[in-house]
Amino acid sequence: MKIEDFDEKESLKNILWGMGVGTWEWNIQTGETRFNERWAEIVGFRLEELQPTNIDTWMSLAHPDDLAESEARLDAHFKGETDFYECEARMRHKEGHWVWVLDRGRIITWTAANEPEWIVGTHLDITERKEMELAFHEKAEELRLSNKELEQFAYVASHDLRQPLRMINSYLQMLERRLGKELSAENKKMMDFAVKGAQRLDQMLLALLDYSRVGRKGQPKESFHLAEGLQEALLFLQPDIQDSQAKIRWEPENLEAWPQVQASPDEMTRLFQNLLSNALKYRYKDQSPDIRVTLTSEQEHWKIRVQDNGIGIDPEQSERLFQVFQRLHTQQEYAGTGVGLAVVRKIVERHGGQVGVEPNTSGQGSCFYFTLSC
Ligand code: ADP
């Protein structure tokens, strides 16, 4: 047989077979139904095993839980509400497992009374995609739950541990007062260490509490003018700015030119506040801070950089600094709890952005950046 001898219908049949497409034709009025060989193969049969075929063939293989959805969509198409029928449904395989199919069809003839008559359509095996989708959703759900649990744990731990700690603190102070002069210089030193240790622990618990509150206690996301977050943070930091005689510039200089973003207002303020307060804090003691906040537009997001002229960061250490309690300095050198950058990361990631450290173009100091979608 030469290629010219194939009629169009035959060619079409072969193309569909090659693409792995099952076909069905259903007379809605009489129930008469025809399938191609591939339709049967998807559910593990040879076509002759299913003969004689009618609409019950389909019904008996379809998953009972998917029938209502499929019927509703067919009905919508019959009523002319949709241009075609489409549904993802499960079919029982000959070996007993379920196969996912993408079922699509369209009415092609109507009766004299204008009732839908023949509808023809296709079955495409989408089991692999569906299983991947389901596994992905399961993993995402697992992750969501374990994140929630962790946050709850961090909250409960930090909140509840503060109570007995307060007790330790106040009894230590009472003891110190009562023993007063009786304490030898050495014992007094030890008592001081104990008090300082308890206070430090309280600061750390408070910081952890703060961290666990990001996303749970903050204002919901709304359309927010990013410059407002910057301005408010600068306002909160006024005492530090004045003390250190810091120079702070921002670009674009005109704050009106800064964008509106979908964000939680108080979290944006907090984000700027944490980065700016670090830029003020980690300075050379004999140099006033010189800080630049710049906004640039990149493909699908805004990039905000906070650059300072301070002590800078070893690039190899930068990644771990975004984890809770990670610091590069002692309490004596620079006070802090090591949670500020972890809060920054949590806020940015909650807003779908990224955060990191870049080489500072001015050669000295550090450059932190974060991104927000446009
Ligand atoms: P904290 O400031 O309370 O220690 P952070 O999480 O804000 O906590 O910062 C973690 C560490 O990152 C700091 O201890 C410091 O070592 C380093 N760091 C943060 N910001 C800067 C900066 N602008 N310049 C230099 N080092 C910084």
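Residues numbered from 1 in each chain as written. Predicted model: local features only at pLDDT ≥ 70, side-chain atom pairs only at ≥ 80, totals over all residues. Heavy atoms only, no water.

Draft legend 1. Broad picture of empty space enclosed by the protein. In this structure the tally under the stated criterion is 1 cavity of 30 Å³ or more. One number sums up the size of the largest cavity: a volume of about 30 Å³. Every residue lining the largest cavity is listed: Leu275, Asn278, Ala279, Val306, Asp308 and Phe368. Taken together, the residues that form the lining of the largest cavity break down as 4 nonpolar, 1 polar and 1 charged. (1 Å grid on protein atoms, 1.4 Å probe; cavity = no way out; pocket = protein on both sides within 12 Å on 5 of 7 lines; lining within 4 Å. Points joined across faces, edges and corners; volume = space filled by probe spheres on them. Nonpolar A, V, L, I, M, F, W, Y, C, P; charged D, E, K, R; others polar.)

Draft legend 2. Quick peek at the site of the ligand. Neighbouring residues of the ligand: 21 residues in total, closest Asn278, Tyr282, Arg327, Thr337 and Leu341. At 3.0 Å from an oxygen atom of the ligand is found a side-chain nitrogen or oxygen belonging to Lys281. Separating an oxygen atom of the ligand from a backbone N or O atom of Gly340 is a distance of 3.2 Å. Protein contact buries 97% of the 530 Å² of open area that the ligand shows by itself. (Near = heavy atom within 4 Å. Polar contact = N/O pair within 3.5 Å; in protein donor to acceptor, adjacent residues only side chain to side chain. Areas by Shrake-Rupley, 256 points an atom, 1.4 Å probe, with all protein chains shown as cover.)

Draft legend 3. Inspection of the packing of helix H6 (residues 127–179) against helix H7 (residues 185–213) at higher detail. Interhelical geometry of H6 versus H7 gives an angle of 155° and a closest axis separation of 9 Å. On the basis of their axis angle, the class for H6 and H7 is roughly antiparallel. Regarding H6 and H7, the two cross each other, and that crossing is left-handed. (Axes fitted to C-alpha atoms, helices over the stretch in contact; angles between N-to-C directions. Helix = DSSP H or I, 4+ residues; strand = E, 2+ residues; numbered from the N terminus. Parallel < 35°, antiparallel > 145°, perpendicular 65-115°, else oblique. Left-handed = near helix turned anticlockwise from the far one by under 90°.)

Draft legend 4. Quick peek at the nonpolar core. If you look at the biggest cluster of nonpolar residues, it comprises 41 residues, and the most contacted ones within it are Leu226, Trp258, Phe272, Leu276, Ile304 and Phe370. The dominant element in this core, judged by the number of residues it contributes, is helix H10 (residues 265–281), at 7 residues. Those residues in contact with Leu276 that lie beyond four places of it in its chain are Leu230, Ala233, Leu234, Leu237, Ile291, Val293 and Val306. By size, the runner-up hydrophobic cluster in this structure holds 22 residues, among which are Leu47, Trp58, Leu74 and Val99. (Core = buried A, V, L, I, M, F, W, Y, C linked by side-chain atoms within 4.5 Å. Buried < 20%, exposed > 50% of the residue type's maximum accessible area, 1.4 Å probe, protein only. Contact = heavy atoms within 4.5 Å.)

Draft legend 5. Region of interest: the pairing of strand S12 (residues 367–373). Of all the 7 residues making up S12, 6 are buried; the element is thus mostly covered by neighbouring parts of the structure. In terms of strand pairing, strand S10 (residues 301–307) meets S12 through 7 bridges, oriented antiparallel. Bridge pairing in S12 links Trp302 to Leu372. With 4 bridges joining them, strand S11 (residues 355–358) and S12 adopt antiparallel strand pairing. Residue pairing for S12: Glu358 is matched across the bridge by Cys367. (Pairing = 2+ DSSP bridges.)

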